[in-house]
Amino acid sequence: MKKFLVLGILFVLPLVAYLFFASGVHNFAKLPVLNNDVGSIENFESLSKNTITLKNKITVLGFLGENIHNKQGNAFNLNQKIYKKNHGFQDFQFVMVLPYGSETAAKELLDELDNIADVSQWKFVFGTTESIKKLFTTLRTPHQLDANLATNYVYIIDKDGSLRGRDGNFKENEPKVYGYDASSVADLANVMVDDIKVILAEYRLALKKYKADRKDK
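Residues numbered from 1 in each chain as written. Predicted model: local features only at pLDDT ≥ 70, side-chain atom pairs only at ≥ 80, totals over all residues. Heavy atoms only, no water.

Colleague: How would you sum up the packing of aromatic side chains? Please name residues and give values.
Modeller: Counted according to the given criterion, the structure contains 7 aromatic pairs. Judged by centre distance (5.2 Å) and plane angle (85°), the rings of Phe63 and Phe136 are edge-to-face. Residue Phe63 is located in strand β3 (residues 58-64), and its partner Phe136 is located in helix α4 (residues 129-137); the two are separated by 73 residues in the primary sequence. We note that Phe63, like Phe136, is buried. Seen in terms of ring centroids, Trp122 and Phe124 are 6.1 Å apart; in terms of plane orientation they differ by 15°. Their pairing is stacked. The class for Phe124 is buried, based on a relative accessible area of 2%. (Phe/Tyr/Trp six-rings, centres within 6.5 Å; stacked < 30°, edge-to-face > 60°. Helix = DSSP H or I, 4+ residues; strand = E, 2+ residues; numbered from the N terminus. Buried < 20%, exposed > 50% of the residue type's maximum accessible area, 1.4 Å probe, protein only.)

This is the structure:
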């Protein structure tokens, strides 16, 4: 009897686990699009002097403001919880928007982050007060920039320049999620980590399908 019980557990439990996870993936195979018209950042000047774009990139977009040291903790939270786990994905980047005059402080922050992980996918871009406010408005979220042109929230932008998040339809009574509070380790660990996994998996599957279709031709 014990042998049959052990064999049953060995076969049944993996099957139940598979069905559970397969059901979750099926119901949440794509991270919902909340806004498909996010503005361009190509008119902003980058710290590296290279042109930074949202096109064909999966971007975590943030606004650190003119007092960047006030948001330094947010940057370290993001680096630890999100960036370090995913920066190996070729088309994944972090873009932080700041006003002109913040270049030195941004370079200092980048140097500190570099002590923890490869920071090649961290991008800092600079613009005027007006251009930053205009870009933020195109996100169409309920959030606001503070007087320093900063917010604790960061946003997931897909390769088509669309804002991704949660539309409130996945779970009962789940609120819409436009962005993720980088000052909250819990929000990053419990919400954003999962959503980043979903969108990266979405593009990995699309890439595999593309390669398979190419081989069939």
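After presenting the structure, the write-up continues.
Colleague: Provide a residue-level description of the pairing of β3, including the pertinent values.
Modeller: The element β3 is extensively covered by neighbouring structure, given that 7 of its 7 residues are classed as buried. What you see with β3 is no split at all: Ile58, Val60, Gly62 and Leu64 on one side and Thr59, Leu61 and Phe63 on the other are buried throughout. Two elements, β3 and strand β4 (residues 92-99), share 6 bridges in a ladder whose sense is parallel. Within β4, the position partnered with Thr59 by the bridge is Gln93. Handedness of the β-α-β unit built from β3, helix α2 (residues 72-86) and β4 comes out right-handed. In this sheet, strand β6 (residues 150-157) lies alongside β3 in antiparallel orientation, the contact comprising 5 bridges. Within β6, the residue paired with Gly62 across the bridge is Val154. (Pairing = 2+ DSSP bridges. Right-handed = clockwise from strand over helix to strand, strands pointing away.)

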